[in-house]
Amino acid sequence: MLLLVLPWFFPSVLAAQSTPIPPLLRDLEFGQVNFLHTTDTHGWLAGHLQEPSFSADWGDYISFATRIREKVEAQGQDLLVIDTGDRVEGNGLYDSDEPKGVWLSEIFRHQHIDIITSGNHELYKHNTSERELMVTVPNFRGYYLASNIDIYHPQTKELVPLAPRFKKFTTKLQGIRIVAFGFLFDFTGNYQNTAVRTVEETILQDWFQEAIQDKDVDLFLVAGHVPAHSPEYRAIFKAIRKIHWDIPIQFFGGHQHIRDYAQYDSKAVALASGRFMETIGFMSIDGLSTTDSPRIKRSPVFKRRYIDNNLFSFHHHTGLDENSFPTEEGRNVSQLISKARSALDLDEVHGCAPRDLWMSRVPYPHQDSVYTWLETELLADSLRDESRGEVPSVAIMNSGAIRFDIFQGPFTQDTTFIISPFTNRFRYVKDVPYEKVQLIMEVLNKQTRILETTEHENDPTVVAQTHTQMSPSIPLAPPEQLAYTEDKVVDDSQDWLLNLEGSRYSQAPLSSNGHEHKLVPGYTTQDDAGHDGDDTVHLPVSFYQVPNCIQALLFANQSAVPETVDFIYIEFVQPHVTLAAKFAGLDVDFEKDSEEYMPSSTLTDMILAWVKKHWKCK
């Protein structure tokens, strides 16, 4: 293991993992059946190269799952490994590959996974969904479940299930009888070659009703890309409970990018395990009946843990060290990840960030806010369309256009995709009254109801998917937003942040700064089971409110406000700008009256060009 010491002098060191500070840890509590869970990994299989507490890679996770399996099986217990989707988009390991997903699929398949499902990101694009059908489903044949997803087969053109709807199996050592399903939330942003049935519709179908009528079941297992607290999972819970009032149900969820645990009754719970390979979720259940024992009447005992994804945690929970912990398969996959990063030039350094720029760790506006940097430096310097000359302009974009914090030090090819992996360009409308632009901004940032009109309009529990994650004052998100490309509508997960006081969640992100003492800032999760779920005991982190949208004033004398401006906006917000303009009394048809601004230049392109010019490495 190598320390990230002066990495700007040694770019190749970015491919190595950093050494975490020894923290205080809570142990795992094993049971009859145990689970490891990942969700929303979004290509982060190399781990977090600038954040020691999340620095383990997919090869390390393979070793961890193997060692945990050895440990529990030695005690006569069982282990199941679960993944609930959104494996693609959001990291250079996926987004810089061409065709996308070749390296990622090869790396991912080496982990033995007992139940795997699709997320919404696997379905946004034609090539992504077909690759899921033709590559990922075969890679996990017998383990991939798709209870409510169909796809038009590229060869037969027939609409077929993406994968089997459900499966029944028994665990290896104890013969625990499990009926398992694999769901996606009520998603409507999929590409036209796929079809997603609503959960309410699916659970009325004959095959589902027959599956839950099974009397020889010890545990129902519902894995899916569905929030732990959601109407979809509540509907599945109620459907099973109508038939079986006492059989335990274990749900695994995702999509919200948070650590979360929901308890439906004394015998039914759900676990969600964060995002971006920051968290390995752990669950155990005791008190289950088996094929060799009668049904136990007492309530089962559920235990959960959110494991920080680093080798210190892995070594602690397996009781092994740096010599005894790695498996041959794990080492080989870590080497494969290094090979992929090298082939994709992900460690190429384009510049060096002079300071940390936070999404929500500092108040906005603040010199260390990534949004202040966007407004006053990047957009002010970069948005210049030669055809418009010196015409004054105002540019707006939603805060979720940035996906991650920027850390002081090397800004690499990988960083480019991590902070902004999107393909959105800018559009503009000429001669818009400046005061109308300000009214539009006010509507976008304060009249939040107009933003609740896309794919999750029936789900009031959807939570913002930002790097800062949860705090006592949680941003509640409506839908992942739609991005308009040349020939398709896709989601770029540039999430809107809506503020709602009094949420049940309380989480905070890990600091990248080192501390001498053992307690470091990090996740402090409050969920339905209390505040002791995180395996690592952390200090809480402050969280600050982020606006839905920011604006850059692109004219020389900002003390003299122009009467009219070019109104520039990042293209995926167009549906929301259209609605906001109506509230602001602006009569503009944005479909017909807008034009492309700086054609063929995306926000990601601008960021990379700006970094190369302004953030020189010393």
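Structure shown above.
Since we're looking at a predicted model, the values are computed, not measured. (Residues numbered from 1 in each chain as written. Predicted model: local features only at pLDDT ≥ 70, side-chain atom pairs only at ≥ 80, totals over all residues. Heavy atoms only, no water.)

Each helix and strand counted, the protein chain has 15 helices and 27 strands in total. By the burial criterion, 63% of the 618 residues in the protein chain qualify as buried. The long-range fraction of contacts in the protein chain, counting pairs at least 24 apart against all pairs at least 6 apart in sequence, stands at 76%. (Helix = DSSP H or I, 4+ residues; strand = E, 2+ residues; numbered from the N terminus. Buried < 20%, exposed > 50% of the residue type's maximum accessible area, 1.4 Å probe, protein only. Contact = heavy atoms within 4.5 Å.)

This next bit is on the state of the cysteines. Within this structure, the stated rule accounts for one disulfide. The disulfide bridge from Cys-352 ends at Cys-617, spanning 2.0 Å between sulfur atoms. Torsion about the S-S bond of the Cys-352 and Cys-617 cystine: about 90 degrees, corresponding to right-handed handedness. Taken together, the residues Cys-352 in strand 16 (residues 349–353) and Cys-617 in the segment after helix 15 (603–614) connect sequence positions 265 residues apart. Accessibility expressed as a relative area gives 11% for Cys-352, which makes it buried. (Disulfide = S-S within 2.5 Å.)

The next subject is the sheet that holds strand 10 (residues 219–225). Adjacent strands of a sheet form backbone hydrogen bonds with each other and so pair up, either parallel or antiparallel. Pairing within the open sheet is mixed, and its six strands lie in the order 7-8-10-11-13-12. Two strands bound the open sheet, and with one partner strand each, they are strand 7 (166–170) and strand 12 (259–265). Pairs of neighbouring strands in the sheet enclose a mean axial angle of 20 degrees, with direction left out of account. Taken together, the four bridges between strand 10 and strand 11 (residues 249–253) define a ladder with parallel strand orientation. Along strand 11, the bridge assignment pairs Leu-221 with Gln-250. Along the sheet, helix 7 (residues 231–243) contacts strand 8 (177–184), strand 10, strand 11, strand 12 and strand 13 (268–273); its crossing angle with strand 11, the most-contacted strand, is approximately 165 degrees. (Pairing = 2+ DSSP bridges. Axes fitted to C-alpha atoms, helices over the stretch in contact; angles between N-to-C directions.)

This part takes up unusual backbone geometry. Along the chain, Glu-98 connects to Pro-99 via a cis peptide bond; the corresponding omega equals 0 degrees. With respect to the helices and strands, Pro-99 occurs in the loop between helix 2 (92–95) and helix 3 (102–108). Note the cis peptide between Tyr-364 and Pro-365, where omega equals -5 degrees. With respect to the helices and strands, Pro-365 occurs in the loop between strand 16 and helix 10 (370–382). One non-glycine residue, His-255, adopts positive backbone phi at about 85 degrees. As for its position among the elements, His-255 is in the loop between strand 11 and strand 12. Among the residues examined, His-255 registers a relative accessible area of 0% and is labelled buried. The phi dihedral of Asp-431 is positive, around 55 degrees, even though this residue is not glycine.

Because an α-helix completes one turn every 3.6 residues, residues spaced three or four positions apart along the sequence face the same direction. Extensive coverage of helix 8 (residues 311–318) is indicated by the burial of six of its eight residues. Three or more residues of helix 8 are buried, namely Leu-311, Ser-313, Phe-314, His-315, His-317 and Thr-318. The elements touched by buried residues of helix 8 are strand 1 (24–25), helix 1 (58–74), strand 14 (279–286), strand 15 (301–308) and strand 24 (536–537). Looking one or two places after helix 8, you find Gly-319, whose phi comes out positive at around 75 degrees.

Its location among the elements puts Asp-347 in the loop between helix 9 (328–343) and strand 16. At 2.6 Å, the side chain of Asp-347 and the side chain of Arg-341 are in polar contact. (Polar contact = N/O pair within 3.5 Å; in protein donor to acceptor, adjacent residues only side chain to side chain.)

When you tally the buried positions in strand 8, you get eight out of eight residues, the bulk of the element. Here strand 8 shows no split at all, with Arg-177, Val-179, Phe-181 and Phe-183 on one side and Ile-178, Ala-180, Gly-182 and Leu-184 on the other all buried. Here strand 7 pairs with strand 8 via five bridges, running antiparallel. Bridge assignment links Thr-170 to a residue of strand 8, and that residue is Arg-177. Counted between consecutive antiparallel strands, the loop separating strand 7 from strand 8 contains six residues, among which Gly-175 sits at a positive phi close to 65 degrees. Where strand 8 and strand 10 come together, seven bridges link them in parallel fashion. Among the inter-strand pairings, Ile-178 is bridged to a residue of strand 10, identified as Leu-219.

In this section: the sheet that holds strand 27 (residues 595–602). Taken in spatial order, the five strands line up as 25-17-26-19-27 in an open sheet, and their pairing is mixed. The open sheet has two free edges, formed respectively by strand 25 (549–554) and strand 27, since each of these has just one partner strand. For this sheet, the mean inter-axis angle between neighbouring strands, taken without regard to orientation, is 25 degrees. Inspection of the sheet shows strand 17 (residues 393–398) paired to strand 26 (residues 564–570) by four bridges, in the parallel sense.

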